[in-house]
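Structural overview
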Amino acid sequence: MTWPQARHLSTHVPDADDPLLSIWRISWIAHALPASPGDLLNGNIFYPEKRTLAYTDSVLLQGFVAAPAIWAGVLPIVTYNLLILISMALSGAAMWRYARHLTGSASAGVIAGIVFSFVPFRFDHFQHLELQATMFMPLTLWCLARAFDSGQRRNVWGATACLVAQVYCGIYYAVFLVTALLIVVPLQLSALPAQRRKALVRASIPALAVGALVIAPYLAAYVMNRGTLGERSDRDVLLYSATAQDYLAKLKENLVHGWWSAPLGQSERRLFPGAIAIALAGVGLWQIDRRRFALVCVGLVGLILSLGLNTPLYEPIRTVVFIYRGLRAPARASILVYFALAALAAFGWARLERRFKRDASIGGGTPFLGVPVATAIVASVMLLEYATPMKAWFVVPPTPQVYRWLADQPRSVVLELPVSTADRLDIVPDGLYMLHSTAHWQPILNGYSGFFPQSYLDLTEYAKGFPDEVSIDYFKKRGVDLIIVHGSLLAPDQFGAIMSSLLARPDVRAITRYEERLGPDVVFRLLKGASQ
């Protein structure tokens, strides 16, 4: 389903800036843990800003898992690609475990695992490391289901641990999951006998207290960042708020539905879960019990949240729950819809499986041979429906010579030019600067992330006039020691004019030059005491 990614683990990533961000994130975590764990969140981008790792999902859990591999010499790009693939696989396995517990059927678990692992939404977010790490969502609900069934305290602690793990994998999904649990858990508790309900509540208090203590320092970093980064604008939130039509849209690359459904949606809002999954979920809803009612509630919460500002309910939520003010894409709450749909599809297949066995027994057939075959056929058809070949790949270039030179220099504040512009903060060069900084870890003014600090937006404005007097003075005030001008990213006449102007300044000194295939990289030192 993800081919040919496995063939190009060391060279190819999805064609976007986000993979470069993710490679930098896991590399920084591996770098900071042994060198300076107290600076774990203080990434080397957007100098001199603090907590820059928390300008987006920090993916700390993935980083902790990846660190030993990176320390052992595995390339960060290989580690990133493996994390994507493993996250999808583990998400399916976790959903299989949960669905099997709900239905008692391993075959139904397979169906649920396929829906949750390969729903087309995942291919629209194939590059997002944090959005593939959903394995702890079904595990949280699995532990809760066992707690409701048995009343055992260890299951309450297991659910808390899985929820904390989901927070450290990705805050978006953790926020949506907690929102659903705040509705579903009280409903589930109210249906229990009074004695068991009291026992579970008593067991939950210490577990939740410990969980809150574990995530508090992490969430505090985001709270502190909110004061400098601000909140998402209504325009951005509305752009990434789903509509009813979006639940019919898929990527154009989808083999079965792409030809007709792609025009119905846009990036972040291609949400069609698949016809077979919907049909099986409908069969699963043939009857309603406590578990299925809870799943319906989870799905409805996800649906309402995904509509964002297209529903009147979202703005009050943003007003009351401050963390929602930092979320740009409500449509991502559709993961709860897929979660509920996958589990309900498992109920549907389990029902068909029981009927198939009963009919086969009445007719004198061999049901235990037929069920695996039928499951394999349905699973194959579902995989065909979900097949979305990934065709847009970015080939990560080898590390240029200038970055290896930087690794041998004393600590220096670095600015790389050209930079992005305020109207296009998602262009590749800044992502590449950040990626290549993993070769030297010098502090850089450049960066790419979910939020951009005002200092970076100011930088993009001053850089427009480079190398005029105003821009040079600004760079000095920002503490820049070295300026790297990348000739490969500038027009020849523009590059020549910049070189002539810089070489004529007494406060700028050319240090070194490296010839690359697409153009030279030239390093200049700013002399702080000198002036034009």
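The structure presented is a predicted model; accordingly, all values stated were derived computationally and were not measured.

1. Quick notes on the overall build of the chain
Helix and strand counts for the chain stand at 22 helices and six strands. Computed over C-alpha atoms, the radius of gyration of the chain comes to 26 Å, within 12% of the 24 Å expected from 2.2 N^0.38 for 532 residues, which places it in the range of a compact globule. The C-alpha extent of the chain, read off along each of the three principal axes, is 95 × 50 × 45 Å. A burial count over the chain gives 55% of its 532 residues as buried. The contacts in the chain between residues at least 6 apart in sequence include a share of 77% that link residues at least 24 apart. About 22,300 Å² of surface is accessible on the chain, with carbon and sulfur atoms providing 63% of the total. A gap of 13 Å separates the mean positions of the 47 positive and 36 negative side-chain charges of the chain.

2. Some thoughts on the pairing of strand β5 (residues 508-516)
Bridge analysis of β5 against strand β6 (residues 519-526) gives eight bridges, and the strand direction is antiparallel. Bridge pairing in β6 places R509 opposite R525. Between β5 and β6, which pair antiparallel in sequence order, lie two residues.

3. Side note on the packing of helix α7 (residues 136-150) against helix α9 (residues 171-190)
Between α7 and α9, whose axes approach to 12 Å, the crossing angle comes to 15 degrees. The angle between α7 and α9 falls in the class roughly parallel. As for how α7 packs across α9, the hand of that crossing is right-handed. Within the contact between the two elements, α7 uses M137, T140, L141, L144 and F148 and α9 uses Y173, L177, L181, V185, Q188 and L189. Residue composition of the contact of α7 with α9, by class: nine nonpolar, two polar and no charged.

4. Some thoughts on unusual backbone geometry
Following W3, the chain continues into P4 via a peptide bond in cis, with omega recorded as 15 degrees. Turning to its location among the elements, P4 is positioned in the segment before β1 (12-14). The omega torsion of the bond from Y47 to P48 falls at 5 degrees, within 30 degrees of zero and hence cis. Positionally, P48 belongs in the loop between α1 (18-35) and α2 (60-71). In this structure, R51 takes a positive phi of about 55 degrees despite not being glycine. By the element assignment, R51 lies in the loop between α1 and α2. The class of R51 is partly exposed, set by a relative accessible area of 22%. One non-glycine residue, V59, lies in the positive phi region at around 45 degrees. Within the secondary structure layout, V59 lies in the loop between α1 and α2. Its relative accessible area of 0% is what places V59 among the buried residues.

5. With respect to the pattern of salt bridges
Taken as a whole and judged by the stated rule, the model has 17 salt bridges. As a salt-bridge pair, D149 and R291 come within 2.4 Å of each other at their nearest N and O atoms. Here R291 lies in helix α14 (residues 290-306) and D149 lies in helix α7, a separation of 142 residues in the sequence. A relative accessible area of 27% means that D149 is categorised as partly exposed. The closest approach of N and O atoms between E515 and R513, which form a salt bridge, is 2.6 Å. Taking relative accessible area as the criterion, R513 reaches 47% and is therefore assigned partly exposed. Shared partners join several salt bridges into a network, and the residues in it are E469, K476, R505 and D507.

6. Comments concerning the sheet that holds β6
The strand order β3-β4-β6-β5 describes an open sheet built from four strands, whose pairing is mixed. Either end of the sheet is taken by a strand with one partner, and the two such strands are β3 (414-417) and β5. Across this sheet, the average inter-strand angle for adjacent strands is 20 degrees, counted without regard to direction. Along the sheet, helix α21 (residues 469-477) makes contact with β3, β4 (482-486) and β6, crossing β6 at roughly 65 degrees.

7. Re the packing of aromatic side chains
The final tally for this structure, using the stated rule, is 20 aromatic pairs. Where Y448 meets F452, the ring centres are 6.1 Å apart and the plane angle is 65 degrees; that geometry is what we call edge-to-face. Among the aromatic residues, ring-to-ring pairing joins F46, Y55, Y448, F452 and Y456 into one connected group. Sitting over the face of the ring of F116, R122 holds its NZ or CZ atom 5.1 Å from the ring centroid.

8. Quick notes on the pairing of β4
Across the five residues of β4, five count as buried, placing the element largely inside the fold. Neither face of β4 is left uncovered, since the one carrying L482, I484 and H486 and the one carrying I483 and V485 both have all their residues buried. Looking at chain direction, β3 and β4 are connected through four bridges and run parallel. Across the sheet, residue V414 finds its bridge partner in β4, namely L482.

What counts and what doesn't
Residues numbered from 1 in each chain as written. Predicted model: local features only at pLDDT ≥ 70, side-chain atom pairs only at ≥ 80, totals over all residues. Heavy atoms only, no water. Helix = DSSP H or I, 4+ residues; strand = E, 2+ residues; numbered from the N terminus. Rg over C-alpha atoms; globule rule 2.2 N^0.38 Å. Buried < 20%, exposed > 50% of the residue type's maximum accessible area, 1.4 Å probe, protein only. Contact = heavy atoms within 4.5 Å. Areas by Shrake-Rupley, 256 points an atom, 1.4 Å probe, with all protein chains shown as cover. Lys, Arg positive; Asp, Glu negative; His and termini not counted. Charge placed at Lys NZ, Arg CZ, Asp CG, Glu CD. Pairing = 2+ DSSP bridges. Axes fitted to C-alpha atoms, helices over the stretch in contact; angles between N-to-C directions. Parallel < 35°, antiparallel > 145°, perpendicular 65-115°, else oblique. Left-handed = near helix turned anticlockwise from the far one by under 90°. Nonpolar A, V, L, I, M, F, W, Y, C, P; charged D, E, K, R; others polar. Salt bridge = Lys/Arg side-chain N within 4 Å of Asp/Glu carboxyl O. Phe/Tyr/Trp six-rings, centres within 6.5 Å; stacked < 30°, edge-to-face > 60°. Lys NZ or Arg CZ within 6 Å of the ring centre and 35° of its normal.

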